[in-house]
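Analysis of the macromolecular model
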Amino acid sequence: MKPRFVFVLGALAAALLGACATPVSGPSASAELLARSGSTVSGSVRFSEVSGRMRIEAQVGGLTPGEHGFHVHEAGDCSAADASSAKGHFNPAGKAHGHYGSTERHGGDMVNLVANADGTANYSVEVSGLSLTGPTGVVGRSVVIHADPDDYKSQPAGNSGKRIACGVIAAR
Ligand code: CU
Ligand code: ZN
């Protein structure tokens, strides 16, 4: 009777521990967005490596409806009121700005964020050319949302206008 009771408790504890210790996915990083350039944008962005590609998921509010340029920028510094402190697009391969599906693009060039009529965006996209750490690593850099759409061709940043939100990317 007693050993059996201990066994049941042990199994229960193991099940609970297992549930807590099992991550939903592998290692990831995230950024909390700060409103910049007088905007009221808020939200968060999550980065996780999925079979050799980077999955980027974002929940954002306070946007104007429509498309917004969305990039990883070189510097993990959002302190400037216009987010200029984040510097240019993260460009580990020394390429020109381009379409997210092309090989001729900055590593930090991502798919435009699209806001609904209510100003919210729910984003889930996978791109190549980024990792969490190492030479193409996003940790310690920043993610920036722009006022206008990225045209995926104008140099050096797709003519996407002001930087309306910025978040430093940290390992979680
Ligand atoms: Cu940008
Ligand atoms: Zn770019």
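Just above, that's the structure.
Reading guide: rules and limits
- Residues numbered from 1 in each chain as written.
- Chains lettered and ligands numbered in written order.
- Predicted model: local features only at pLDDT ≥ 70, side-chain atom pairs only at ≥ 80, totals over all residues.
- Heavy atoms only, no water.
- Disulfide = S-S within 2.5 Å.
- Helix = DSSP H or I, 4+ residues; strand = E, 2+ residues; numbered from the N terminus.
- Buried < 20%, exposed > 50% of the residue type's maximum accessible area, 1.4 Å probe, protein only.
- Donors = N, O, S within 2.8 Å, 3.2 Å for Na, K, Ca; no water.
- Tetrahedral: all angles 85-135°; square planar, octahedral: opposite > 155°, others 65-115°.
- Phe/Tyr/Trp six-rings, centres within 6.5 Å; stacked < 30°, edge-to-face > 60°.
- Contact = heavy atoms within 4.5 Å.

Turning our eyes to something else, we now look at the state of the cysteines. Counted by the stated rule, this structure contains 1 disulfide. The residue that forms a disulfide with C78 is C166, at a sulfur-sulfur distance of 2.0 Å. Disulfide C78-C166: the torsion about the S-S bond is -70°, which places it as left-handed. In this pair, C78 is assigned in the loop between β5 (70-73) and β6 (113-115) and C166 in strand β9 (residues 163-168), connecting sequence segments 88 residues apart. Given a relative accessible area of 0%, C166 falls into the buried group.

We now examine the coordination of the zinc ion (ligand 2). The zinc ion (ligand 2) binds to the protein through H89 (ND1), H97 (ND1), H106 (ND1) and D109 (OD); the donor distances cover 1.9 to 2.0 Å. Here the zinc ion (ligand 2) is ringed by 4 donor atoms whose angles at the metal span 102 to 117°, and the overall shape comes out tetrahedral. Written as a sequence motif, the donor arrangement for the zinc ion (ligand 2) is H-x7-H-x8-H-x2-D. By relative accessible area, which is 3% here, H97 ends up buried.

One pass over the structure, following the stated rule, counts 2 aromatic pairs. With a centroid separation of 4.9 Å and an interplanar angle of 85°, the aromatic rings of F70 and Y123 are classed as edge-to-face. Placement of the pair is F70 in strand β5 and Y123 in strand β7 (residues 121-127), with a sequence separation of 53 residues. Both residues of the pair, F70 and Y123, count as buried.

Attention shifts here to the environment of A75. Relative to the helices and strands, A75 is located in the loop between β5 and β6. In this structure A75 comes out as buried when scored by relative accessible area, which is 14%. Considering only alpha carbons, one finds A75 and A86, 11 residues apart in sequence, at a separation of 4.6 Å. Not counting the four nearest positions on each side in its chain, A75 is found in contact with S85, A86, K87, G140, R141 and S142.

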